[in-house]
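# An overview of the molecular structure
So you can see what is in the structure, the chains are spelled out below.
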Amino acid sequence: SRRNRAEKGSSLCFLSTNLASASTHHGIPEAKFVEDVDAFMKDQGPETGAEAVLKQLDERHGKYKFMESSLAQKKRRLKGQVPDLQRSLELLNHMKAKQDSTDVMETQFLLADQVYANAKIQPSKTVSLWLGANVMVEYSLDEAHSLLSKNLSQAQTNLTQVNDDLGFLRDQCTTTEVNMARVYNWDVQRRRAAKKLKS
């Protein structure tokens, strides 16, 4: 009936809120370890069985794994971004040291993956930086240095945070997997006990 469906929906909603604690880690909900399975299942109410609990736990585990995959992609992007910024800063420092010189600088620039071409650069007090979305802006050497240094610092901070978040997420995945195993084993034991009583 409509009433039964509403009551079932309410119990599942209640269950969902009880599978994670109120605390979060950078927006990631913390999974609570189910120490006392009997007490935990009683808290869910008589209408909520082990199958519904396991379904909710599996859904939460899937969300954790999705977040882990997204963060892993972000980590790979940042790990490539940091050395690129470091190399750009090294080149910029070299340009700043040579800006008042009359000597031509010799360097290499990237044409494609693993393909470089030799280049000769006249001393200059400005440099053009790619900002993304096919946008290039000319800066003074000092302005470019300030911008790249800020971007490098932010990328390193983000990489540290992503590593921290990944470690936290793996812990939540493990906790959720352990909870699933404990609820499943609890249900198996409950069914065996009920079967013995009937025999």
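Residues numbered from 1 in each chain as written. Predicted model: local features only at pLDDT ≥ 70, side-chain atom pairs only at ≥ 80, totals over all residues. Heavy atoms only, no water.

## Some thoughts on the pattern of salt bridges
- Scanning the entire structure with this criterion turns up seven salt bridges.
- When the shortest N-O distance is used, the salt bridge between Asp142 and Lys96 registers 3.1 Å. Linking Asp142 in helix α4 (residues 141-198) with Lys96 in helix α3 (residues 50-98), this pair joins segments that are 46 residues apart in sequence.
- The network of salt bridges with common partners includes Lys65, Glu68 and Arg170. (Salt bridge = Lys/Arg side-chain N within 4 Å of Asp/Glu carboxyl O. Helix = DSSP H or I, 4+ residues; strand = E, 2+ residues; numbered from the N terminus.)

## Quick look at a negative patch on the surface
- Residues Glu35, Asp36, Asp38 and Asp43 make up a contiguous surface patch of negative charge.
- The topology assignment puts Glu35 in the loop between β2 (28-31) and α2 (37-43).
- Among the residues examined, Glu35 registers a relative accessible area of 64% and is labelled exposed. (Patch = residues over 30% accessible without salt bridge, like charges linked within 9 Å, V, L, I, M, F, W, Y side chains within 5 Å. Areas by Shrake-Rupley, 256 points an atom, 1.4 Å probe, with all protein chains shown as cover. Lys, Arg positive; Asp, Glu negative; His and termini not counted. Charge placed at Lys NZ, Arg CZ, Asp CG, Glu CD. Buried < 20%, exposed > 50% of the residue type's maximum accessible area, 1.4 Å probe, protein only.)

## Some words on the confidence of the model for the protein chain
- On average, residues of the protein chain score 85 in pLDDT, and 88% of them are at 70 or above.
- Here residues 1-17 scores under 50 on pLDDT; set against residues more than four positions off or in separate chains, the count is 14 contacts. (pLDDT = per-residue confidence, 0-100. Contact = heavy atoms within 4.5 Å.)

## Overview of the nonpolar core
- Within the largest apolar cluster, 25 residues are counted, with the highest numbers of intra-cluster contacts made by Tyr64, Leu92, Val127, Leu129, Ala144 and Leu148.
- Broken down by secondary-structure element, the contributors of at least two residues to this core are β2, α3, β5 (126-132) and α4.
- The dominant element in this core, judged by the number of residues it contributes, is α4, at eleven residues.
- Those residues in contact with Ala144, other than ones at most four positions away along the chain, are Leu92, Val127, Leu129 and Tyr139.
- Within the second largest apolar cluster, nine residues are counted, among which are Val37, Met41, Val53 and Trp186. (Core = buried A, V, L, I, M, F, W, Y, C linked by side-chain atoms within 4.5 Å.)

## Notes on the pairing of strand β4 (residues 115-121)
- The sheet contact formed by strand β3 (residues 105-112) and β4 spans seven bridges and is antiparallel. Each residue of the ladder has a partner; that of Thr107, found in β4, is Ala119.
- The turn linking β3 back onto β4 is made up of two residues, and Gln114 within it adopts a positive phi angle of 65 degrees. (Pairing = 2+ DSSP bridges.)

## A word on the layout of surface pockets
- Computed from the structure, the largest pocket encloses a volume of approximately 1,000 Å³.
- Lining the largest pocket are 24 residues; nearest its centre among them are Asp84, Arg87, Ser88, Leu91 and Trp130.
- The set of elements that each furnish at least two residues to the lining of the largest pocket consists of α3, β3, β4, β5 and α4.
- It is α3 that provides the largest number of residues to the lining of the largest pocket, a total of eight residues.
- Residue composition of the lining of the largest pocket, by class: 16 nonpolar, six polar and two charged. (1 Å grid on protein atoms, 1.4 Å probe; cavity = no way out; pocket = protein on both sides within 12 Å on 5 of 7 lines; lining within 4 Å. Points joined across faces, edges and corners; volume = space filled by probe spheres on them. Nonpolar A, V, L, I, M, F, W, Y, C, P; charged D, E, K, R; others polar.)

## A few points about the side chain of Glu68
- With respect to the secondary-structure elements, Glu68 resides in helix α3.
- With relative accessibility at 14%, the residue Glu68 sits in the buried group.
- Beyond its immediate chain neighbours, meaning those up to four positions away, Glu68 contacts Leu166, Leu169, Arg170 and Cys173.

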